[in-house]
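# Secondary and tertiary structure notes
Residues per chain, in single letters:
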Amino acid sequence: QVQLVESGGGSVQAGGSLRLSCTASAYTSSGYCMGWFRQNSEKEREGIASIYTSTLRPSYADSVEGRFTISRDNMKNTLYLEMNNLKPEDTAMYYCAAAKGSCLYQVNFRVQYWGQGTQVTVSS
């Protein structure tokens, strides 16, 4: 089964940047949708970005469009989330996620495998 391990979370000031990484098992290199979800105390867990292959356009939630960039490096079995111009409302636990098959251009795809999460805190 697929195992996912996130890293790169931390505390930053508003307007700053962070890059999250998710190291996956080798089986996610082909035929898997991968993405990022987040959850804070005031909201349900929500999908914010997804990607199927590096040749297809990724999908983003409206709340992060233009600020976050998702990418994957199949050679390293690693998923990334580049977060720029961070806002206090971006504060949340961020989770790497994966599922067999295409994302179908959905950010809230049906997840089969979850990472343990990494905390991102943005102060004003």
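The structure under discussion appears in the preceding block.
Keep in mind that what you see is a predicted model, and the values were worked out from it rather than measured.

### Some remarks on the environment of Val12
Considering the arrangement of structural elements, one finds Val12 in strand 2 (residues 10–13). Of the residues examined, Val12 reaches a relative accessible area of 14% and is grouped as buried. Taking the C-alpha atoms as reference points, Val12 and Ala97, separated by 85 residues in sequence, lie 24 Å from one another. Ignoring any residue separated from it by four or fewer positions in sequence, one finds Val12 in contact with Ser17, Leu18, Leu86, Thr121, Val122 and Ser123.

### Considerations on the sheet that holds strand 7 (residues 68–73)
Taking strand neighbours across the sheet as the criterion, the four strands line up as 1-3-8-7 in an open arrangement whose pairing is antiparallel. Both edges of this open sheet fall to strand 1 (4–7) and strand 7, since each of them pairs with a single strand only. Looking at each pair of strands side by side, their axes are set apart by 15° on average, direction ignored. Here strand 1 runs beside strand 3 (residues 18–24); their pairing, made up of four bridges, is antiparallel. The partner of Val5 across the bridge, within strand 3, is Thr23.

### Here we look at the packing of aromatic side chains
Tallying each qualifying case throughout the model produces three aromatic pairs. The interplanar angle of 70° and the centroid separation of 5.4 Å between the aromatic rings of Phe37 and Phe109 together place this pair among those described as edge-to-face. Here Phe37 is found in strand 4 (residues 32–39), whereas its partner Phe109 is found in the loop between strand 9 (92–100) and strand 10 (113–114), with 72 residues between them in sequence. Each member of the pair, Phe37 as well as Phe109, carries the same accessibility label: buried. Residues Phe37 and Trp114 carry aromatic rings whose centres are separated by 5.0 Å and whose planes lie at 70° to one another, so their mutual orientation is edge-to-face. Separated by 77 residues along the polypeptide, Phe37 in strand 4 and Trp114 in strand 10 bring together distant segments of the chain. In this structure Phe37 comes out as buried when scored by relative accessible area, which is 4%. We classify Trp114 as partly exposed; its relative accessible area is 37%. Connected via pairs of aromatic rings, a cluster forms that spans Phe37, Tyr95, Phe109 and Trp114.

Thresholds, definitions, all that
- Residues numbered from 1 in each chain as written.
- Predicted model: local features only at pLDDT ≥ 70, side-chain atom pairs only at ≥ 80, totals over all residues.
- Heavy atoms only, no water.
- Helix = DSSP H or I, 4+ residues; strand = E, 2+ residues; numbered from the N terminus.
- Buried < 20%, exposed > 50% of the residue type's maximum accessible area, 1.4 Å probe, protein only.
- Contact = heavy atoms within 4.5 Å.
- Pairing = 2+ DSSP bridges.
- Axes fitted to C-alpha atoms, helices over the stretch in contact; angles between N-to-C directions.
- Phe/Tyr/Trp six-rings, centres within 6.5 Å; stacked < 30°, edge-to-face > 60°.

Everything listed is a geometric property; what it means functionally is a separate question.
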